[in-house]
Amino acid sequence: MAVYAEGNLDIHTMLIAFFDDSSDPKKERFCAAGGLFTSDTVWERFEVEWRDATRGLSGPFHATDCECGYDEFVHWSKTKRDGLRATLTALIRRFDIGAFGSAVSVADYFSIFPASKKHDPFYLCIASCIANVAAIAYVGSEHVRPYGLLPMGVKFWIERNVETAARTTEIYDGIKSLKGWRLARLMEGITHGGKNVIGLQAADLMAREVFKHYDNHGVRPVRKPVLQLAQQVTFHCWTKKNLEFLAANGGPRNSRTHARFAEQMMSTPATRIGPPE
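What comes next concerns the included structure. (Residues numbered from 1 in each chain as written. Predicted model: local features only at pLDDT ≥ 70, side-chain atom pairs only at ≥ 80, totals over all residues. Heavy atoms only, no water.)

A look at the side chain of Asp-204
Argument step 1. Mapped onto the fold, Asp-204 is located in helix α7 (residues 198-215).
Argument step 2. Judged by relative accessible area, Asp-204 falls into the buried class, the value being 10%.
Argument step 3. Sequence-distant contacts of Asp-204, that is, excluding residues within four places in its chain, are made with Asp-20, Phe-61, His-62, Ala-63 and Lys-195. (Helix = DSSP H or I, 4+ residues; strand = E, 2+ residues; numbered from the N terminus. Buried < 20%, exposed > 50% of the residue type's maximum accessible area, 1.4 Å probe, protein only. Contact = heavy atoms within 4.5 Å.)

Here we look at the packing of helix α1 (residues 40-53) against helix α3 (residues 78-94)
Argument step 1. Between α1 and α3, the shortest axis-to-axis distance is 10 Å and the interhelical angle comes to 170 degrees. Classified by the angle their axes make, α1 and α3 are roughly antiparallel. Contacts between α1 and α3 involve Phe-46, Glu-49, Trp-50 and Ala-53 on the former and, on the latter, Leu-84, Thr-87, Leu-88, Leu-91, Ile-92 and Arg-94.
Argument step 2. Taken together, the residues of the contact of α1 with α3 sort by class into seven nonpolar, one polar and two charged. (Axes fitted to C-alpha atoms, helices over the stretch in contact; angles between N-to-C directions. Parallel < 35°, antiparallel > 145°, perpendicular 65-115°, else oblique. Nonpolar A, V, L, I, M, F, W, Y, C, P; charged D, E, K, R; others polar.)

A short note on the pattern of salt bridges
Argument step 1. Within the structure shown, the criterion is met by 15 salt bridges.
Argument step 2. Here Glu-159 ties to Lys-195 by a salt bridge, and the two come within 3.2 Å at their closest N and O atoms. Of this pair, Glu-159 sits in strand β6 (residues 153-159) while Lys-195 is found in the loop between β7 (187-193) and α7, placing the two residues 36 residues apart along the sequence.
Argument step 3. Residue class for Lys-195 comes out buried when judged on its relative accessible area of 11%.
Argument step 4. When salt bridges that share partners are traced, they join Glu-67, Lys-78, Asp-82, Arg-85, Arg-208, Glu-209 and Arg-223 into one network. (Salt bridge = Lys/Arg side-chain N within 4 Å of Asp/Glu carboxyl O.)

Quick look at the nonpolar core
Argument step 1. Of all hydrophobic cores here, the largest spans 46 residues; its most connected members are Phe-19, Ile-126, Phe-156 and Trp-181.
Argument step 2. No other element matches the 15 residues that helix α5 (residues 120-144) contributes to this core.
Argument step 3. Not counting residues within four places of it along the chain, the set of residues in contact with Ile-126 comprises Phe-19, Ala-33, Ile-158, Thr-168 and Ile-171.
Argument step 4. Phe-30, Phe-46, Leu-205 and Tyr-214 belong to the second-largest nonpolar core, a separate cluster that totals 38 residues. (Core = buried A, V, L, I, M, F, W, Y, C linked by side-chain atoms within 4.5 Å.)

With respect to helix α6 (residues 165-176)
Argument step 1. When the terminal C-alpha atoms of α6 are compared, their 16 Å separation across 12 residues agrees well with the 16 Å that a helix rising 1.5 Å per residue should span.
Argument step 2. Those residues of α6 not exposed but buried are Ala-165, Arg-167, Thr-168, Ile-171, Tyr-172, Gly-174 and Ile-175. (Expected span 1.5 Å × (residues − 1).)

Right under this line is the structure:
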């Protein structure tokens, strides 16, 4: 697997994936997890330009604050805020960084799993992200195998949250330890970090786009960042039918079912993200 960044061919040897979560303030409509993945060498170059683009900020970039004019952005005009978001989206596009996101309707989730706790919809989404990026790493490894290159592994970084970190690590360990799942051998670790990590700032931007994509579905047009990154993103929303299947096959904590879903997604033709015809 190769990524074309700024005209240079860069053969992946290690994927680094960064993920964050996003939802409405009361976590009543949709819950989403989303992020970005590319090689460690591409991330190094990307981070330099991201730091340059956000140099004027007093702290780490936060996508919701930037879009809505909160906190540091309270005195910024909408034009200036939109300009920064457009600049950062253009960076992701120019470096051809892959993106994956998973979302679920909170109402649908609790209708199928009524005894669930408040963070359980997020756990479903992050499990989907972890399993699917492992599958993407496997596909990439198969592409480079004929050239005698070693399989690419993938390391995960997740936005640190004291309430969810332990369970998120358990989810990663459950998928990693699946017996007979060939993709698990490519999973090379999980780390929880703060917003000082540039990759997690970028993941915050993508996680918000995943959430807004489904929260706006059928109500507002597809957002500009998603249209700009349409050739690089894969979004998945758990339907009620998906959730019913999950309930009949061990429930949200069944790591093998998440692995099966990931393999099915990799073999299913994607639906193009775009504006209505």
